[in-house]
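Structural description and commentary
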2 protein chains.
Amino acid sequence: MVAKKDSTEYKILEAAKNVFVAKGMEGARMQEIADEAGINKALLHYYFRSKERLFEAIFSEIIKYAFPKLTKVLHSDSDITSKIEQFVDAYLNILIKHPFIPGFVMKELNRDPSGLFKLVTKFGIDPQPVFKNIKEAMDKGEIVQMDPRHLAINIISMCVFPFAVRPILSFVVFKDDKQALENFYAERAEVIKKFVINAIVVNNEENE
Amino acid sequence: MVAKKDSTEYKILEAAKNVFVAKGMEGARMQEIADEAGINKALLHYYFRSKERLFEAIFSEIIKYAFPKLTKVLHSDSDITSKIEQFVDAYLNILIKHPFIPGFVMKELNRDPSGLFKLVTKFGIDPQPVFKNIKEAMDKGEIVQMDPRHLAINIISMCVFPFAVRPILSFVVFKDDKQALENFYAERAEVIKKFVINAIVVNNEENE
DNA sequence: AAAAAATTTAACCTGATGGTTAAATATTAT
DNA sequence: ATAATATTTAACCATCAGGTTAAATTTTTT
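About the cut-offs
Residues numbered from 1 in each chain as written. Chains lettered and ligands numbered in written order. Predicted model: local features only at pLDDT ≥ 70, side-chain atom pairs only at ≥ 80, totals over all residues. Heavy atoms only, no water. Least-squares fit on C-alpha atoms with pLDDT ≥ 70 in both. Contact = heavy atoms within 4.5 Å. Near = heavy atom within 4 Å. Polar contact = N/O pair within 3.5 Å; in protein donor to acceptor, adjacent residues only side chain to side chain. Helix = DSSP H or I, 4+ residues; strand = E, 2+ residues; numbered from the N terminus. Nonpolar A, V, L, I, M, F, W, Y, C, P; charged D, E, K, R; others polar. pLDDT = per-residue confidence, 0-100. Buried < 20%, exposed > 50% of the residue type's maximum accessible area, 1.4 Å probe, protein only. Salt bridge = Lys/Arg side-chain N within 4 Å of Asp/Glu carboxyl O. Buried area = accessible area lost by both parts, 1.4 Å probe. Expected span 1.5 Å × (residues − 1). Bend = angle between axes of the 7 residues up to and from the residue.

What to know about the relation of the copies chain A and chain B
The pair of chain copies shares a relation made of a rotation about an axis and a shift along it. The two copies are related by a screw motion: chain A maps onto chain B through a turn of 180 degrees and a shift of 0.0 Å along the axis, at an RMSD of 0.0 Å. The superposition of one copy onto the other is thereby described by a two-fold rotation axis. Closest approach to the rotation axis within chain A is made by the C-alpha atom of Ala199(A), at a distance of 2.0 Å. In this assembly, 100% of the residues forming the interface of chain A have copies in chain B that are likewise at the interface, indicating an isologous arrangement.

Laid out in structure tokens, this is it:
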């Protein structure tokens, strides 16, 4: 059940999200979350019982936000290249709006993978149907033959990784020029789609 | 200066690496590092002064190990596609031998980017010459025209990201089948090279 | 052999931190 | 109006954790 805007619970969730995203589960301090929510620290425990549970509430909310938008495009009846393009567009749309997600999720993935495992199981996320769909397209000669898992991880890697390494990317490549970095991110969807299509579609002279 | 094998300092560094990699800078406990090194906790401070400095010693050693192997292949006189292939081979070689590196480095990148910034500056890592080299190859028509930065980040993303998400990749795609995962990683170099060459080399019918 | 330096140790310190509690206050139900 | 429930608060607790210290021991230097 969703907390009403302006309620104490809502304020806690917003503050907790800000602090957990910035500092991580271990680095975040309950007093800092309370300060940012403008409440007494004891209330954090009154509403959420423990730091761990508060964190889980935030983490699952983030995962719950992103996953459906991605799996939805994969269950359409489009041909494989359209699906890939829609998937890339959907993914970049989410990442541009919420660029903190990859760094945050991957930090917590490596700290304690079981949390994400539970959510994956809970949401019934299963890539096998997607791999099967890709395999069928390969067998029909629509795209080149390769292990569908490699194709999937190639696409996801190009989508997510640049956001996950945002700090070092900004520093090394963009010299902390925020606008240039935003422009780079804005171009990613088109670049990835073209790159992938070029890599996998057979005899693709028309689009050269 | 390198610590002699079997010396206390060497034991500390090995133990610290194990614990920092597993738990991260914040999650690691000095007592646990001492226990694993088989020494009194005070010795950690005697040799390294603070937890932060001990961590920095480990972190820079890891970065120092990996970077030269990668930049070396980029400074050869080969044509661009050979360079890309050598780079991918070198990168995957390192990652397969030390699969913990991406998860660890990215976790610390997001916790405190300045540490990595300092190392990048210290080692004089500058991608501009590589971008220039790529651009020249594009202008000559050897590979398709695109922003060199996108090409570079595409390649690095496909190399690194699958290792960075190893826990969830193993869980979701490989059902914790370690051998299957290792096989997948072992195939990555060839898959990435072929994928990239297909994506960027013009009229590449011979290799189909 | 003796002195100096390096290394090691057990015990301790201080601040930080997640969590708890009893009481007060506010809100809701009767 | 009163009772019950929910919310809030200041103060506190107990443990944890990085770091320190004086003294003992070992090793190295003279």
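Back to the write-up after that little detour.
Examining the protein's contact with DNA strand C
Neighbouring residues of DNA strand C: 14 residues in total, closest Arg29(A), Lys41(A), Lys51(A), Thr8(B) and Tyr47(B). Considering DNA strand C, the proportion of its atoms within 4 Å of the protein that are sugar or phosphate atoms stands at 58%. A distance of 3.1 Å separates a base nitrogen of DNA strand C from a polar side-chain atom of Asn40(B). At a separation of 3.1 Å, a phosphate oxygen of DNA strand C approaches a polar side-chain atom of Tyr46(B). Listing elements by their share of the surface near DNA strand C, those giving two or more residues are helix H3 (42-48) of chain A together with helix H3 (42-48) of chain B. Taken together, the residues that form the surface near DNA strand C break down as 7 nonpolar, 4 polar and 3 charged.

Here we look at the confidence of the model for chain A
Taken over all residues, the pLDDT of chain A has a mean of 91, while the share at 70 or more is 96%. Across chain A, the secondary-structure element scoring lowest on mean pLDDT is helix H7 (residues 113-122) of chain A, at 89, and the one scoring highest is helix H9 (residues 148-164) of chain A, at 97.

Considering unusual backbone geometry
Only a minority of non-glycine residues have a phi that is not negative, and only a minority of peptide bonds are not trans. Residues and elements named next belong to chain A. Even without a glycine there, the phi angle at Lys175 is positive, about 50 degrees. Secondary-structure assignment places Lys175 in the loop between helix H10 (166-172) and helix H11 (178-200). Given the relative accessible area of 54%, Lys175 is considered exposed. The backbone of Asp176 shows a phi angle near 60 degrees, a positive value even though the residue is not glycine. Structurally, the position occupied by Asp176 is in the loop between H10 and H11.

Considering the pattern of salt bridges
Counted under the stated rule, the structure contains 16 salt bridges over all chains. Residue Arg111(B) pairs with Glu108(B) through a salt bridge whose shortest N-O separation is 2.5 Å. Of this pair, Arg111(B) and Glu108(B) both sit in helix H6 (residues 100-111), separated by 3 residues, roughly a single helical turn. When salt bridges that share partners are traced, they join Asp89(A), Glu190(A) and Lys193(A) into one network.

Details of the interface of chain A and chain B
Across the boundary between the two partners, chain A contributes 51 residues, which contact 51 residues of chain B. Its largest share of buried area at the contact with chain B, chain A owes to His150(A), Phe161(A) and Phe195(A), together 15% of the area lost on that side. Where chain A packs against chain B, one counts 0 salt bridges. Where chain A packs against chain B, one counts 10 residue pairs in polar contact (both at pLDDT 80 or more).

Details of H9(A)
Residue and element names in this part refer to chain A. Look at H9: 24 Å from first C-alpha to last across 17 residues, which is about the 24 Å you get at 1.5 Å a residue. In H9, a bend of some 35 degrees at Ser157 exceeds every other bend along the element. Counting buried residues in H9 gives 15 out of 17 residues, a clear majority hidden from the surface. The distance from a side-chain oxygen at the start of H9 to the backbone nitrogen of Arg149 is 2.9 Å, and the residue carrying that oxygen is Asp147.

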